[in-house]
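Close look at the chain arrangement
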Amino acid sequence: MNEQLKKITEEALSRIASCGTQAELNEVRVAYLGKKGEITQLMKGMKDLAPEERPAFGQMVNDLRTKVESAIDEAAAAIKRKDREKRFKEEEIDVTLPAKKMHIGHGHPCQRALDELERIFTGMGYEVVEGPEIEYQEYNFTKLNIPEGHPARDEQDTFYITDQILLRSQTSPVQARTMEKGKLPIRMISPGRVFRSDSIDATHSPSFHQVEGLAVDKHITMTDLKGTLTEFAKELFGPDTRTRFRPHHFNFTEPSAEMDVSCFKCHGKGCRFCKGEGWIEILGCGMVHPNVLEMCGIDSREYTGFAFGVGLERIALLKYEIDDMRLLYENDQRFLDQF
Amino acid sequence: MNTPLSWIKDYVPGLSCTPQEYSDRMTLSGTKVESYEELSKNLEKIVVGKVLSVEKHPDADKLTICQVDVGDHTVQIVTGAPNIHVGDSGMMVPVVLSGGKVAGGHDDGPRPEDGIRIKAGKLRGVESDGMMCSIEELGSDRNAYRDAPESGIYIFGEEMINEYDLKPGDDAIKALGMDDVVFDYEITSNRVDCYSVIGIAREAAATFDQKFVMPNIKSSGNSEDAHDYIKVRVEDPDLCPRYIARVVKNIRFAPSPEWLQKRLRNSGIRPINNLVDITNFVMEEFGQPMHAYDYDDLAGHEIVVKCAKDGDSFVTLDGQERKLDGRTLMINDAEKPVGIAGIMGGQNSMITDHVHTVLFEAANFNGVNIRRSAQKIGMRTDASSIFEKGLDPENALLAINRACELVEELQCGEVVGGMVDVYVGAEPQKRIAFEPERINALLGLDVSVEEMKKTFSKLELGFDESTNEVLVPSFRRDLECTADLAEEVLRFYGYDKIEDTLPVGESTNGRYPFKLLVDQAVREVAEFSGFSHAFTYAFESPKAFDKLLIPADSELRKAIVISNPLGEDFSIMRTQTLNAMMTALSLNYNRRNKDVMLYDMANIYLAKELPLKELPDEREQLTLGAYGQYADFYVMKGVVEEIFERLGLRDKIHYDKDCDRPYLHPGRKADVVYDGKVFGFLGEVHPDVSESYGFKEGVRVYVAVLDMPMLTELASFDRIYENIIKYPANIRDISMLVPKELPVGKLEDVIEEKGGHILDEYHLFDIYEGEQVAEGHKSVAYNLSFRAKDRTLTNEEVDAVMEKIIAGLRELGAELRS
């Protein structure tokens, strides 16, 4: 009996070992463990044994079955592993073949710069406001303390439609429009297209974009202006950026200033990028002129404010090191693809 | 404004600083230095030499050998200069000693950054030790040094030798006035006083805490009285608050002395002769334009200041005939106009070489009127650009007296005593209440009253202790209110010294208006769909309409016209965006860029009436344009639908192919209709149009335009979740043969209508025409999915609906295929 079991065991294990596929293995499984399989038959044959022999025999057959079962499972796992390996080998691809891209489009550098400006200022509590591009001279000039006949009207070579209506030469009229609404305090920025009669060259365009900023409240000071714009410069050009304020003149602010930032290429040491100065002029700003506040119906003894205007193209040119403004309006796909 | 530092130092004798310090501090106190140039840059070891002898070079016809006394020794220099001749001697010339440097070559070409080092050497075998210099080699030109030869060595003139007592070995750079630094300032328009050496000197004195010394103008004139020579009548004192006339007789033209030439030269002005130089000098020094008339040309020896008549014309001294209007102020004699006030004199009273007696005019004109007239006439001159800023009437008196003093000093003529001064009278003293706490509140500083007063006093602002008012001198036209005083305080406190704070007080929400949120969403869809953001111009040429085949009577042609455009190409405000898009695509096409896809989000400008009385309707348009392998009609349609979906507009979009879009391919165009309204259009660009933008026949260009205000009005980002239906769908396929010209949209209308509420979704999965399909027909197949929210649909229910759909389709002429 024992001999027979031993033989079956050896036979079974050897057949299992010789199996190369799951199908062959299945045959073996059926041959031993199936309804008519050898081991099943042994179990069935137990009834012919003397009752006292049955437990021992049962135990032995069970052991045999367990052994064969686990040998089959192991073999099955090994074959699966082998099959997988074979498949992986066959299915190997060339990962260096070209990607299947969705060919997503690209943003314009000016829009990218604007998005960043808007992110910075909305984060500081500024609302984004828009105004008309074709504007009354009254808003573009008069309400900004530039009365008729004032030479400052010539400084911004303005395109006129009629005596009274023009292409706005700055985004500042949105200041007046916002203040006139009378809702205080004000913290707003106003991006938009402006126009000046400049011929197209590497640094000029007859149409470009500005972002105007305005804060009006009680107790707004020049130091607030400086702090706000320094914060903005650090956000835009990096935390090491320093700012320099120089006196300047704008009719609608007093005191007025221009802000330079330390050159972000040479960090202020002076290089070709900043023409050796270490500083790059970025924007004009100042405290809202009391005449402007009053013309817009705000009591200049109670309220003060600051305003600033940034050229968007200038920021884009600096930030992305674009050397010719014309590129911004050509819309060459190879240019746009870089943003 | 270009001004040499030496001139500033004449009035601020205590000023001592490097050019860089000067530049930095002036910039920070408000007089912005754009750049400065050290005239002696790259000029080293250059001395006055005296040519002792000139001999012929033995081996070269064009060369001479000179022995030159350079002070402590004599050097031998070989030169090829055409103005040095064999046998010459005694000339005094600038000599660069060997080891020294000059700024450039002998012609007027570009100069090397680091100059040119001069070494001793041999020229055709003859030792040459150093070099005699031309004016160009010294970094200047004949405009500045009028006595320099057209070609050859600069030879010091008699006057210069005498004036500076030049000896061999002296510093030639100093003698030539090149030991100077010229600063270029950006003067802001409010500081008309700083368009002058005096004004800048005042600022420099205040900046460096030095004393400002006004030039002491000596009285001039003989014992005669100008009133006996000239009568002046001002008919329009509002436009001419002050007119001063002085007379100079026995004019003797001569070159100006070297000191004056040097001043002008270093200010970038070419010296001409004593009379012209004097007016230019005074213009620089006091910022007061003056004019000189030939007294003998003035009929009646009379000046009448009055406006021209509409339609008058006048020949200015540049020989141009100018059209005038009734508001142009003119200077007349007893009979005729002799000059346009503050803009330009007339040819008929111009100073010529034969002048005997000159009338000097120093006047004050109304700036607004001068600006208006200059614009009207189309002639902006140096004088008008100063006058239009509004000058100090007191300045005219200083300037004319300074000029007459110089006339006497230069012996340019005999000044007649006295002057005719027609003046409305000095302006009242301007006063500004001194409110130091408001100044500090505005600045966010705590500057003491003493410090503020100190600043005012160094700016020559007076103070009235009794009324606590700041008294503004007449030359400070810009100071009006407390904010102006605050700026003066801040300028000298230091813009760079104030700290950074952030506004305190009521907090505000940073936010975007809804329109911009819609814009952002649309930009995202466009970019994710493959389109890149283009920026285009808002103005364009009226020719665009023809290129786009827009009919002559189209509303689109009612464009707003710019009255002073940059040229025809930029002369109208666009009423459509296709031209800009086609222009951008065409640029890409010409540069051989493949597969270009662009979008533009910008306004069109629609006038309510023309000429414009009120602001036009500015409507933002989304414009998509594409050519190349990714572009076709249905791609454009896809983006349009994605945009509607992104904006929460989920109803069915209709496409109207019978739209009037002359710029589109007649068989490939559609209006985009939503909620019964036309939101825009899309299609393939008409081949005639793409051809006129330079596209080759057969290149297909696609565009789509959507009106953003209409989208924004309906857009919503609010979403309400609907349960995902857990009951299974009953799916049916339907295949049919339909007439070729029947749009599938009609089939879909039937499918939707008859499918009713249990029709969950459907999609076209096959469309085919050609072989195996009957002539004039196409085969179309749909996949329909039916589903109910609350139960599993029975086949019978779906069958019933399918029958209705099929019946409907048959009515359209569809033959169902099994």
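A quick note: this is a predicted structure, and the numbers were derived from the prediction, not measured.

**Regarding the confidence of the model for chain A**
For chain A, per-residue confidence averages 92 on the pLDDT scale, and residues scoring 70 or more make up 100% of the total. Looking across chain A, the model is least confident in helix α7 (residues 152-155) of chain A, with a mean pLDDT of 76, and most confident in strand β2 (residues 134-136) of chain A, with 97.

**Section: the domain arrangement of chain B**
When cut into domains, chain B gives domain 1 (2-39 + 181-207), domain 2 (44-175), domain 3 (226-423), domain 4 (430-497), domain 5 (514-714) and domain 6 (730-817). Averaged C-alpha coordinates put domain 2 of chain B and domain 4 of chain B at centres separated by 55 Å.

**Quick notes on the pattern of salt bridges**
For the structure on display, the rule yields 82 salt bridges over all chains. Among the salt bridges present, the one from Arg732 of chain B reaches Asp799 of chain B, with a minimum N-O distance of 2.7 Å. Of this pair, Arg732 of chain B sits in strand β36 (residues 730-739) while Asp799 of chain B sits in helix α21 (residues 795-811), placing them 67 residues apart in sequence. Residue classification places Arg732 of chain B among the buried residues on the basis of a relative accessible area of 16%. Here Asp799 of chain B falls in the partly exposed class, since its relative accessible area comes to 33%. What you see here is one network of salt bridges that share partners, running through Arg244, Arg246, Glu258, Asp260 and Glu281 of chain A together with Lys32, Glu34 and Glu186 of chain B.

**Notes on the domain arrangement of chain A**
Here chain A is partitioned into domain 1 (2-90) and domain 2 (109-336). When each unit is reduced to the centre of its C-alpha atoms, the spacing between domain 1 of chain A and domain 2 of chain A is 86 Å.

**Remarks on the interface of chain A and chain B**
Contact with chain A, which involves 90 residues of that partner, is made by 92 residues of chain B. Buried area between chain A and chain B, both sides added, is near 7,600 Å², and the carbon and sulfur share of it is 55%. Across the chain A-chain B interface, the total number found is eight salt bridges. The residue Glu127 of chain A makes a salt bridge to Arg511 of chain B at a minimum N-O spacing of 3.5 Å. For the pair chain A and chain B, the interface holds 38 residue pairs in polar contact (both at pLDDT 80 or more). When grouped by side-chain class, the residues that make up the side of chain A that touches chain B number 29 nonpolar, 30 polar and 31 charged.

**Looking at the sheet that holds strand β38 (residues 777-786) of chain B**
Residues and elements named next belong to chain B. Taken in spatial order, the four strands of this open sheet run β37-β38-β36-β39, and their pairing is antiparallel. Where the open sheet ends on each side, the last strands, each with one partner, are β37 (759-768) and β39 (815-817). Strand-to-strand twist across the sheet, computed as the mean angle between neighbouring axes with direction ignored, equals 30 degrees. Here three bridges tie β36 to β39, and the two strands are oriented antiparallel to one another. Residue Ser735 lies in a different strand from β39, and its bridge partner there is Arg817. α21 contacts β36, β38 and β39 of the sheet and is inclined by roughly 15 degrees relative to β36.

**Points about the packing of aromatic side chains**
Taken as a whole and judged by the stated rule, the model has 37 aromatic pairs over all chains. On the numbers, 4.6 Å between centres and 65 degrees between planes, the contact of Tyr22 of chain B with Phe183 of chain B is edge-to-face. In this pair, Tyr22 of chain B is assigned in helix α2 (residues 19-28) and Phe183 of chain B in strand β11 (residues 181-186), connecting sequence segments 161 residues apart. For the residue pair Tyr22 of chain B and Phe183 of chain B, the accessibility class agrees, reading buried in each case. An aromatic cluster is defined as three or more aromatic residues linked by ring pairs; in this entry it consists of Phe159, Phe195 and Tyr329 of chain A together with Phe535, Tyr537, Phe539 and Phe570 of chain B. The residue whose ring lies beneath Lys265 of chain A is Phe273 of chain A, and the NZ or CZ to ring-centre distance is 5.6 Å.

**Considerations on the sheet that holds strand β1 (residues 2-4) of chain B**
Backbone hydrogen bonds are what pair the strands of a sheet, in a parallel or an antiparallel way. All names here are of chain B. Pairing in this open sheet of three strands is antiparallel, and the strands run β1-β11-β2 from one edge to the other. Two strands close off the open sheet at either side, each with one partner strand: β1 and β2 (32-38). Taken pair by pair, the neighbouring strands of this sheet meet at an average axis angle of 25 degrees, ignoring direction. Looking at chain direction, β2 and β11 are connected through six bridges and run antiparallel.

**Details of unusual backbone geometry**
That bond from Glu254 of chain A to Pro255 of chain A is cis: its omega, -5 degrees, falls within 30 degrees of zero. Of note, Pro255 of chain A is situated in strand β7 (residues 253-262). Of note in the backbone geometry, Lys45 of chain B takes a positive phi value of approximately 50 degrees without being a glycine. Take Lys45 of chain B: it is sitting in strand β3 (residues 44-56). The phi dihedral of Asn250 of chain B falls on the positive side, at around 50 degrees, and the residue is not glycine. Assignment of secondary structure puts Asn250 of chain B in the loop between β13 (242-249) and α6 (258-266).

**Re the side chain of Glu313 of chain A**
Residues and elements named next belong to chain A. Looking at the element boundaries, Glu313 is found in helix α11 (residues 312-320). At 2.8 Å, the side chain of Glu313 forms a polar contact with the backbone nitrogen of His209. If near-sequence neighbours (up to four positions away) are discounted, Glu313 is found in contact with Cys110, Phe208, His209, Met325, Leu328 and Tyr329.

**What to know about helix α17 (residues 633-646) of chain B**
All names here are of chain B. With 14 residues, α17 extends 20 Å between its outermost C-alpha atoms, agreeing within 8% with the 20 Å of an ideal straight helix rising 1.5 Å per residue. Residues of α17 that are buried include every one of Phe633, Met636, Val639, Val640, Ile643 and Phe644, and no others. Looking down the long axis of α17, one finds its buried residues gathered within 140 degrees of arc, a one-sided arrangement. Capping the start of α17 is the job of one residue whose side-chain oxygen sits 2.8 Å from the backbone nitrogen of Tyr634: Asp632.

Cut-offs and rules
- Residues numbered from 1 in each chain as written.
- Chains lettered and ligands numbered in written order.
- Predicted model: local features only at pLDDT ≥ 70, side-chain atom pairs only at ≥ 80, totals over all residues.
- Heavy atoms only, no water.
- pLDDT = per-residue confidence, 0-100.
- Helix = DSSP H or I, 4+ residues; strand = E, 2+ residues; numbered from the N terminus.
- Domains from an automatic or database assignment.
- Salt bridge = Lys/Arg side-chain N within 4 Å of Asp/Glu carboxyl O.
- Buried < 20%, exposed > 50% of the residue type's maximum accessible area, 1.4 Å probe, protein only.
- Contact = heavy atoms within 4.5 Å.
- Buried area = accessible area lost by both parts, 1.4 Å probe.
- Polar contact = N/O pair within 3.5 Å; in protein donor to acceptor, adjacent residues only side chain to side chain.
- Nonpolar A, V, L, I, M, F, W, Y, C, P; charged D, E, K, R; others polar.
- Pairing = 2+ DSSP bridges.
- Axes fitted to C-alpha atoms, helices over the stretch in contact; angles between N-to-C directions.
- Phe/Tyr/Trp six-rings, centres within 6.5 Å; stacked < 30°, edge-to-face > 60°.
- Lys NZ or Arg CZ within 6 Å of the ring centre and 35° of its normal.
- Expected span 1.5 Å × (residues − 1).
- Arc of directions from axis to C-beta.

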